[in-house]
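# Architecture at a glance
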Amino acid sequence: MATVGMIQMACYCGAKLFYIGNTAKNQPPLDIIEKLKAKVNSGDTGFFSSADGSYGDCPFCGLTYELPDPELMDWLPYLDADQFTSTINNIQSSPSGNNGQQLSPPSAHRYNL
């Protein structure tokens, strides 16, 4: 089991964006990102990691975001597996766009995968 930090963001276009922190070996968790993509598998969702550098573009509208330093992720609170599953289920069941509705604030969490 790997423990990595995750920041969830909402783009102005309605896409859900995630920044996934480095593994304990200080490497971008590309395998974990692939697992998350498989779990979410629908809707407007984008993933970033330290492999993207300091900036990332929303894959749907192209808006550029400044990405956090990977060291920041060590300071995030922990969530257990049930909360992680609940978060993924909420992502899967919510509409992909905001259609003019107010977006919920971004959240910062740490997940055990």
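For the structure itself, look to the data block above.
Residues numbered from 1 in each chain as written. Predicted model: local features only at pLDDT ≥ 70, side-chain atom pairs only at ≥ 80, totals over all residues. Heavy atoms only, no water.

Before going further, it helps to examine the overall build of the protein chain. Tallying secondary structure elements over the protein chain gives two helices and six strands in all. Secondary structure elements in the protein chain, listed N-terminal to C-terminal, are β-β-α-β-β-β-α-β. Per-residue burial for the protein chain yields a buried fraction of 36% across its 113 residues. For the protein chain, long-range pairs separated by at least 24 residues make up 64% of all intrachain contacts whose partners lie at least 6 apart in sequence. With the model as given, the accessible surface of the protein chain reaches about 6,700 Å², and the carbon-plus-sulfur share is 50%. (Helix = DSSP H or I, 4+ residues; strand = E, 2+ residues; numbered from the N terminus. Buried < 20%, exposed > 50% of the residue type's maximum accessible area, 1.4 Å probe, protein only. Contact = heavy atoms within 4.5 Å. Areas by Shrake-Rupley, 256 points an atom, 1.4 Å probe, with all protein chains shown as cover.)

For any pair of aromatic rings, the description rests on two quantities: the centre-to-centre distance and the angle between the ring planes. Considering all chains together, one arrives at one aromatic pair under this definition. Ring plane angle 20° and centroid distance 5.4 Å describe the contact between Phe-18 and Phe-47, whose orientation is recorded as stacked. Pair noted here: Phe-18 is in strand S2 (residues 16-20) and Phe-47 is in strand S3 (residues 45-49), with a separation of 29 residues, a long-range link. According to the relative accessible area criterion, Phe-18 is buried, its value standing at 2%. Take Phe-47: its relative accessible area is 16%, and that puts it in the buried class. (Phe/Tyr/Trp six-rings, centres within 6.5 Å; stacked < 30°, edge-to-face > 60°.)

A few words now on the nonpolar core. One broad trend across soluble globular proteins is that nonpolar side chains are buried collectively. Grouped together as the largest cluster of nonpolar side chains are 12 residues: Val-4, Met-6, Phe-18, Ile-20, Ile-32, Ile-33, Leu-36, Val-40, Phe-47, Phe-84, Ile-88 and Ile-91. Elements supplying a minimum of two residues to this core: strand S1 (3-10), S2, helix H1 (30-40) and helix H2 (81-93). No other element matches the four residues that H1 contributes to this core. Not counting residues up to four positions away in its chain, the partners in contact with Leu-36 are Met-6, Ile-20, Phe-47, Phe-84 and Ile-88. (Core = buried A, V, L, I, M, F, W, Y, C linked by side-chain atoms within 4.5 Å.)

Looking at the secondary structure, you find Met-73 in the loop between strand S5 (64-66) and H2. Sequence separation of Met-73 and Gly-5 is 68 residues, and the distance between their C-alpha atoms is 5.1 Å.

By the burial criterion, the buried members of H1 are Ile-32, Ile-33, Leu-36 and Val-40. Burial along H1 is one-sided: seen end-on, the buried residues are contained in an arc of 100°. Away from its buried face by more than 90 degrees, H1 exposes Asp-31, Lys-35 and Ala-38. (Arc of directions from axis to C-beta.)

Here we take up the pairing of S2. Where burial is concerned, most of S2 is hidden: five out of the five residues are buried. Summarising the sheet, S2 and S3 pair through five bridges and their orientation is parallel. Bridge pairing in S3 links Ile-20 to Ser-49. (Pairing = 2+ DSSP bridges.)

Before going further, it helps to examine the pairing of S3. Counting buried residues along S3, five of its five residues qualify, which places the element largely inside the surrounding structure. Of the two faces of S3, the one carrying Thr-45, Phe-47 and Ser-49 and the one carrying Gly-46 and Phe-48 are both buried.

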